[in-house]
Amino acid sequence: GEISAGRIVLGAPVLGEPVEAVLKASLSLAGGEGKAALDLRRTDGGPEGQVVLDASYSNATGRLDLNLDAREGAGGIAARLMRLPGAPSVEVTLKGTGPLSDFAADLRLATDGEARLAGPITVATDDKGARSFTAKLAGNPAPLFLPDYAAFLGDKLRFDLAGKVWPEGSLRLDKLELDAASLSLSGTLGLAADGLPTDFDLVARIASPDGAPVLLPLTGDVPTRLNLANLALSYDATKGDGWTGSLVAEGLDRSDFAASRAEISGSGRIGRVAGQNSLGGTFQFLAEGLAPADAALATALGSILTGRVVLHWRQGEDALSLQNLALTGNGYGLTGGLRLEGLNSGL
């Protein structure tokens, strides 16, 4: 009927600052129907903060009503924890209504009153229980990054996703597209109920529009730049059991390490036999222009490194094997193999 707290007090070690709030909520579930309400508000005189949720679902009509509104004023907890430049006000809303057979909601992420990512999300269920979904989001995410990193995504980002999930567990992504200033990604994916792919076709690229090195938005104290990177993966079970892939990066530049080019290419097979599914591949790699900042390491490593390894996994063996491992550098080499067991037990 009611869950409430007239006063919630959190010490500074919990969220990095002392917080006081008030909570009122309710929840009911019966016969597959349900209602949920939540109202959490900050009351200590700090920046405004509230999370309000009102949701309900009716079996009789199949109707879902969803209204989520979470927001904080400038200098709030979320902006600080996410390290948003300038600690702006933050607002996230998700609002939708309609039957689950044709449900649509609008998502909006905003800072300082300006939308950073917004658009519709839809879910539709057919008479056989298969559920299709789409998301079309766009916005200007640059203010969410430090000025040095804002150019990576730029001021216009577009994300399109469309797919379908079947009751037995198979998944189909008919569209996966991400377009930003220095990043583009497009592809499709199919997964069978056993978790193995039925097909995939993925292409991704990192490159600045003006050809200048790209500063990657990575964590850590050492800036990392790339001239460009290209990724390609493909497989289609209707045309055979072979897959191919490649990753090429040029102009890696850090204060502690640099490389003019790094390349990984691979090909292999995905086997589908009941209870004995398998995945294997041969990978070859090449790194040129290696230049560690440490002079002794640079002398030992050399400027070129090449290698090869064969990977194999078979369902039921609980192990991943790396065979025919070979690394070759300037005046040195390494050969061997590796087997990793206990993967299903979390090792």
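Basis of the calculations
Residues numbered from 1 in each chain as written. Predicted model: local features only at pLDDT ≥ 70, side-chain atom pairs only at ≥ 80, totals over all residues. Heavy atoms only, no water. Helix = DSSP H or I, 4+ residues; strand = E, 2+ residues; numbered from the N terminus. Rg over C-alpha atoms; globule rule 2.2 N^0.38 Å. Buried < 20%, exposed > 50% of the residue type's maximum accessible area, 1.4 Å probe, protein only. Core = buried A, V, L, I, M, F, W, Y, C linked by side-chain atoms within 4.5 Å. Contact = heavy atoms within 4.5 Å. Phe/Tyr/Trp six-rings, centres within 6.5 Å; stacked < 30°, edge-to-face > 60°. Salt bridge = Lys/Arg side-chain N within 4 Å of Asp/Glu carboxyl O. Polar contact = N/O pair within 3.5 Å; in protein donor to acceptor, adjacent residues only side chain to side chain. Pairing = 2+ DSSP bridges.

For the overall build of the protein, give the residues involved together with the corresponding values.
In terms of helices and strands, the protein carries four helices and 22 strands. In terms of C-alpha radius of gyration, the protein reaches 25 Å, well past the compact-globule figure of 20 Å for 347 residues. When its C-alpha atoms are laid out on the principal axes, the protein stretches across 70 × 50 × 40 Å. The buried share among the 347 residues of the protein stands at 28%.

Describe the nonpolar core, and please don't skip the residues or the numbers.
Judged by nonpolar contacts, Phe152, Leu153, Leu157, Leu178, Ala180, Leu183, Ile206, Val214, Leu216, Leu226, Ala229 and Ala249 together constitute the single largest core of twelve residues. For Leu226, the contacting residues outside a window of four places in its chain are Pro213, Val214, Leu216, Ala249, Glu250, Gly251 and Leu252.

Give me the lowdown on the packing of aromatic side chains, citing residues and values where you can.
One pass over the full model with this rule turns up two aromatic pairs. Centroid distance Trp243 to Phe283: 5.6 Å. Interplanar angle 45°. Geometry classified as tilted. Separated by 40 residues along the polypeptide, Trp243 in strand E17 (residues 242-253) and Phe283 in strand E19 (residues 278-288) bring together distant segments of the chain. By relative accessible area, which is 24% here, Phe283 ends up partly exposed.

Quick one: what's the story with the pattern of salt bridges, residue by residue and with numbers?
In the structure shown here, the tally under the stated rule is 22 salt bridges. The residue Arg71 makes a salt bridge to Asp69 at a minimum N-O spacing of 2.9 Å. When its relative accessible area of 14% is taken as the criterion, Asp69 is described as buried. Note that Asp256 and Arg254 form a salt bridge whose closest N and O atoms lie 2.9 Å from each other. Residues participating in the shared-partner salt-bridge network are Lys136, Arg158, Asp160, Glu177 and Asp179.

Just give me the short version of the environment of Thr61, but keep the residues and values in it.
The topology assignment puts Thr61 in the loop between strand E4 (49-58) and strand E5 (63-72). What makes Thr61 exposed here is its relative accessible area of 54%. Counting along the chain gives 220 residues from Thr61 to Gly281, while the straight-line C-alpha distance between them is 51 Å. Within the structure, Thr61 has its side chain in polar contact with the side chain of Ser58 (distance 3.4 Å).

An account of the side chain of Thr111 is requested, with residue identities and associated values reported.
If you trace the backbone, Thr111 turns up in strand E7 (residues 103-111). Side chain to side chain, Thr111 and Arg116 meet in a polar contact 2.8 Å long. Not counting the four nearest positions on each side in its chain, Thr111 is found in contact with Leu84, Pro88, Ser89, Val90, Arg116 and Leu144.

Outline the pairing of strand E8 (residues 114-125), supporting the account with residue identities and numerical values.
For E7 and E8, the ladder comprises nine bridges, and the chain directions are antiparallel. From the neighbouring strand, Thr111 faces E8, where its bridge partner is Glu114. In this structure, the hairpin formed by E7 and E8 is closed by a connection of two residues, where Asp112 is found at a positive phi of approximately 50°. The pairing of E8 with strand E9 (residues 131-139) spans six bridges and is antiparallel. Pairing of Thr122 across the sheet is with Thr134, part of E9. Connecting the antiparallel pair E8 and E9 is a turn made up of five residues, with Gly129 showing a positive phi of about 90°.

I'd like to hear about the side chain of Glu91, residue by residue, with values.
By the secondary structure assignment, Glu91 is in strand E6 (residues 90-99). Its relative accessible area of 17% is what places Glu91 among the buried residues. Here the side chain of Glu91 touches Arg108 through a polar contact of 3.3 Å, side chain to side chain.

Go over unusual backbone geometry, please, and point to the residues and values.
Even without a glycine there, the phi angle at Arg83 is positive, about 55°. Looking at the secondary structure, you find Arg83 in the loop between helix H2 (77-81) and E6. A positive phi is found at Asn324, a non-glycine position, where the angle reads about 55°. One can find Asn324 in strand E21 (residues 319-329).

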